[in-house]
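Residue-level listing of the chains:
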Amino acid sequence: MHDAPVVTKRRLRARRALGLVLLSTVVPGSAQYLAGNRAVGRTAMRVWGAAVVLVLVTVLGLLIMRGPFLALLLAPAVTSTLRVLAWILFTGWALLLLDAWRLARPIRLERPARLLLSVSCVTLVVVMGFTTSIAAKALLAADNVSSVLRGGGDSEQNAGRYNVLLLGVDAAEQRVGLRPDSINVASVDAETGRTVVFGLPRNLQGAPFPEDSPLQDLYPDGYQCDDGACMLNGVYALGEEHAELYPGTDAGLRATREVVSEVLGLDLNYYAMVDMAGFESLIDAMGGITVNVARDVPIGGGGSSVSGYVEAGEGVHLDGHDALWLARSRHGSSDYERMARQKCVMSAMAKQLDASVLATRFLQLSEAGRNLVVTDVGAGHVAELADLAMRARALELDTIDFTPPLIETADPDFPLIRETVVNAIRTSEAKDDSATGEDAPATAPSEVESAETDGLGDAEPQESFAAEPVVEADLSDDEGAVEVADVPPICSVS
């Protein structure tokens with residue numbers, strides 16, 4: 001009978017002890033305010049309250065003004081400061097929790113209650129430390145991202161679209177001057193994210209400069225030479241040779257943007273220049289990609305011997321090294337086949353970089369991306385573009401390469417190129433304007449007849465679209481003749 005009050009008292013002590021610890025976990029400083037140093041507790045709760053307000057303001061800002069707030073959060077000074085503050089707050093929180101354990105007087109508790117209290121404190125500290133570590137890594141990843149998003153591009157829509165120049169540079173190949181091997185423009189619908197990718201071959205000759213280009217006076221009839229050496233991928237080096245004409249800018253990039261914009265008839269918003277060799281680290285950070293390979297693709301060749309093959313098969317899983325060679329390999333193939341393989345690899349990366357990969361490998365991906373991409377996309381616009389990219393993943397990607405037989409690269413029909421661009425975008429947009437709203441299969445023009453008028457605005461839309469051919473061509477002769485043979489796609493994504 002006399003033991004009942006004692007048991008009740010012990011239970012109350014245990015509940016009070018656990019209550020202090022849990023209260024200190026949720027509101028740091030509350031245990032000190034109630035059972036310890038009230039000044040310390042009051043200060044800690046004020047700091048905690050300020051932190052909560054800061055988080056709420058940030059969340060509200062991202063909901064209302066996402067662009068400006070994201071740009072602020074991605075500023076290097078902000079991410080570095082927040083990373084330091086995160087560890088300071090964790091250290092203070094852990095010390096207050098341990099002090100709450102002391103204020104709970106565990107020595108007065110029964111052994112089971114004392115053990116539960118101690119284990120709870122240690123577990124909470126470990127969990128919160130792990131959470132803080134993840135937050136710090138996320139802030140470090142944000143810092144890596146901010147180092148890439150330098151800004152300077154045009155965030156204004158062009159006829160309801162964003163047009164992004166994508167340049168692939170194979171830095172592993174020892175060549176004098178920078179010569180992009182992969183030249184594409186992604187035209188993205190600003191509402192739906194539906195995308196059309198236009199591919200320009202690197203050996204396109206006679207590319208015109210716009211009238212306001214500093215190089216137009218030097219090449220009034222386009223970038224062409226008697227020996228056929230003036231090709232599209234040489235415009236970058238040409239711009240660098242005439243850097244005095246482009247003061248204060250990347251002359252090579254500026255010249256390339258001008259020419260590509262004039263060839264396609266599209267105003268460009270942004271550019272992204274990608275080091276092809278950097279794909280290896282990025283794909284490894286993703287955990288590899290899975291593609292279908294129609295035939296063995298050599299690893300090596302050119303100036304070195306073939307050391308192996310990316311073997312053919314369905315659902316082939318490739319690490320960064322093999323994926324890079326699938327995109328890069330020249331041995332026994334043409335530039336046009338290589339263009340198709342590069343797009344296949346990029347498509348696989350875009351489709352297979354899902355939320356689970358981002359969540360588990362975000363730091364590795366950000367570190368790989370920092371060494372992979374140079375772009376003029378600003379931090380304030382990256383959220384909108386990322387949303388569009390996520391929408392685009394659910395849609396078929398339309399791809400059009402201006403290669404034979406559609407375009408003769410040694411003597412290209414530029415009005416036909418621009419007309420094809422207009423019709424392709426019109427056809428792409430019509431998919432979203434249809435009554436059913438169903439996604440039509442990805443298509444590309446097999447043949448587009450030249451408009452009878454000089455202006456693109458008067459051209460009749462061409463609705464005859466067929467599956468895009470992958471072509472092989474022989475460009476070895478001096479006359480620039482091209483032999484074309486249709487072959488099945490070498491690489492595809494399920």
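Model, not experiment: these values are computed from the prediction. Counting from 1, residues in each chain are numbered in the order their sequence is written. Owing to the predicted nature of the model, reporting of local features is limited to residues with pLDDT of at least 70; listing and counting of side-chain atom pairs is limited to 80 or more, with chain, interface and lining totals taken over all residues. Side-chain numbers come from the whole structure's heavy atoms, not from hydrogens or water.

Glancing now at the overall build of the protein. To qualify as a helix, a DSSP run of H or I must reach at least 4 residues; to qualify as a strand, a run of E must reach at least 2; elements of each kind are numbered from the N terminus. For the protein, the helix and strand inventory stands at 14 helices and 15 strands. Relative to its 494 residues, the protein shows a buried fraction of 43%. Each accessible area is a Shrake-Rupley result for a 1.4 Å probe, and residues are judged covered by the shown protein chains and nothing else. Total accessible area on the protein stands at roughly 25,000 Å², and carbon and sulfur atoms take up 58% of it. Three exposure classes are used, based on accessible area relative to the maximum for each residue type with a 1.4 Å probe and protein chains only: buried under 20%, partly exposed in between, and exposed over 50%.

A pair of strands is labelled paired if DSSP reports no fewer than 2 bridges between them. One open sheet holds the 6 strands; their spatial order is 9-4-1-2-3-10, and the pairing between them is mixed. The sheet is open, and its two borders are formed by strand 9 (373-375) and strand 10 (398-401), each paired with just one other strand. Each strand of the sheet is rotated relative to its neighbour by a mean of 20 degrees, with strand direction disregarded. Against the sheet, helix 14 (residues 414-433) makes contact with strand 1 (161-169), strand 2 (182-189), strand 3 (195-200) and strand 10, and its axis sits at roughly 160 degrees relative to strand 3, the strand it touches most. Inter-axis angles, ranging from 0 to 180 degrees, are taken between N-to-C directions of lines fitted to C-alpha atoms, where helices are fitted over the stretch in contact. Contacts: residue pairs with any heavy atoms within 4.5 Å of one another.

With that settled, consider the pairing of strand 2. Burial analysis of strand 2 places 8 of its 8 residues in the buried class, the great majority of the element. With burial as the criterion, each face of strand 2 is covered, one bearing S182, N184, A186 and V188 and the other bearing I183, V185, S187 and D189. Direction of pairing for strand 1 relative to strand 2: antiparallel, over a ladder of 8 bridges. Among the inter-strand pairings, L166 is bridged to a residue of strand 2, identified as N184. Where strand 2 meets strand 3, 6 bridges bridge the pair, whose relative direction is antiparallel. Pairing of V188 across the sheet is with T195, part of strand 3. Adjacent in sequence and paired antiparallel, strand 2 and strand 3 are bridged by 5 residues, among which G193 carries a positive phi angle near 85 degrees.

Moving on: the sheet that holds strand 15 (residues 491-492). Taken in spatial order, the 3 strands of this open sheet run 8-5-15, and their pairing is antiparallel. Looking along the sheet, the strands with just one partner apiece sit at the ends: strand 8 (313-318) and strand 15.

This paragraph deals with helix 5 (residues 76-103). Given a rise of 1.5 Å per residue, 28 residues ought to cover 40 Å, and the 41 Å separating the end C-alpha atoms of helix 5 matches this to within 8%. Listed in full, the buried residues belonging to helix 5 are T79, A86, F90, W93, A94, L96, L97, A100 and L103. A helix is expected to span 1.5 Å multiplied by its residue count minus one.

For the rest of this paragraph, the subject is a nonpolar patch on the surface. A grouping of V55, V59, L60, L63, I64 and M65 is seen on the molecular surface, where their side chains present a nonpolar patch of about 630 Å² in accessible area. Tracing the chain through its elements places I64 in helix 3 (residues 38-64). To count toward a patch, a residue needs a relative accessible area above 30% and no salt bridge. Like charges then connect within 9 Å, nonpolar side chains (Val, Leu, Ile, Met, Phe, Trp, Tyr) within 5 Å. For this analysis, a salt bridge means a side-chain nitrogen from Lys or Arg found within 4 Å of a carboxyl oxygen belonging to Asp or Glu.

With that settled, the discussion passes to the packing of helix 8 (residues 251-264) against helix 14. Relative orientation of the contacting elements helix 8 and helix 14 amounts to 80 degrees, with a least axis distance of 7 Å. Classed by the angle they form, the pair helix 8 and helix 14 counts as roughly perpendicular. Of the residues in helix 14, those touching helix 8 at E262, V263 and L264 are F414, I417, R418 and V421. When an angle is under 35 degrees it counts as roughly parallel; over 145 it counts as roughly antiparallel; between 65 and 115 it counts as roughly perpendicular; any other value is oblique.

Looking now at the state of the cysteines. Note on terminology: disulfide denotes any pair of cysteine sulfur atoms within 2.5 Å. Summed over the entire model, instances satisfying the criterion amount to 2 disulfides. Here C225 is linked by a disulfide to C230, with a sulfur-sulfur distance of 1.5 Å. Residue class for C230 comes out buried when judged on its relative accessible area of 5%. What pairs with C344 in a disulfide is C491, and their sulfur atoms sit 1.9 Å apart.

Here a pair means two rings of Phe, Tyr or Trp (six-membered ring of Trp) with centres within 6.5 Å. Their orientation is stacked below 30 degrees between planes, edge-to-face above 60, and tilted elsewhere. Per the counting criterion, the structure on display carries 5 aromatic pairs. With centroids separated by 6.2 Å and ring planes inclined at 35 degrees, the aromatic side chains of F209 and Y219 adopt a geometry described as tilted. In this pair, F209 is assigned in the loop between strand 3 and helix 7 (235-241) and Y219 in the loop between strand 3 and helix 7, connecting sequence segments 10 residues apart. Consider the rings of Y219 and Y223, whose centres lie 5.2 Å apart with planes at 80 degrees: the pair is edge-to-face. Judged by relative accessible area, Y223 falls into the buried class, the value being 9%. Feature note: the residues W87, F90 and W93 constitute an aromatic cluster, connected by ring pairs. One cation-aromatic arrangement involves R38 over Y33; the distance from NZ or CZ to the ring centre is 4.1 Å. A ring is scored as having a charge over it whenever the NZ atom of a lysine or the CZ atom of an arginine sits within 6 Å of its centre and within 35 degrees of its normal. Above the plane of the ring of W325 lies R328, whose end atom (NZ or CZ) is 5.0 Å from the centre.

Summarising burial for strand 1: 8 of the 9 residues are buried, a large majority. Across 6 bridges, the pairing between strand 1 and strand 4 (residues 270-275) is parallel. Following the sheet pairing, L167 is matched in strand 4 by M273.

Only four residue types enter the tally: Lys and Arg on the positive side, Asp and Glu on the negative side; His and the chain ends are excluded. Charge positions are represented by NZ for Lys, CZ for Arg, CG for Asp and CD for Glu. A contiguous patch of positive charge, built from K9, R16, R105 and R108, is present on the exposed surface. Of note, R16 is situated in helix 1 (residues 3-26).

Moving on to the nonpolar core. By size, the foremost hydrophobic cluster in this structure holds 40 residues, and its most contacted members are F198, L200, V263, L264 and F402. At the level of secondary structure, the elements contributing two or more residues to this core comprise strand 1, strand 2, strand 3, helix 7, helix 8, strand 4 and helix 14. Setting aside anything within four residues of it in sequence, one finds L264 in contact with V185, F198, L200, F402, I417, R418 and V421. Ranked by size, the runner-up nonpolar core spans 26 residues in total, among them I289, W325, V345 and A348. Side-chain atoms within 4.5 Å are what join buried Ala, Val, Leu, Ile, Met, Phe, Trp, Tyr and Cys residues into a set we call a nonpolar core.

Under the defined criterion, the tally for this structure stands at 10 salt bridges. Of the charged contacts in the structure, one is a salt bridge between R161 and D189, with a shortest N-O distance of 3.9 Å. Taken together, the residues R161 in strand 1 and D189 in strand 2 connect sequence positions 28 residues apart. The pair formed by R161 and D189 is uniform in burial state, with each residue classed as buried. Residues participating in the shared-partner salt-bridge network are R161, D189 and E429.

This is a description of form; function is not addressed.
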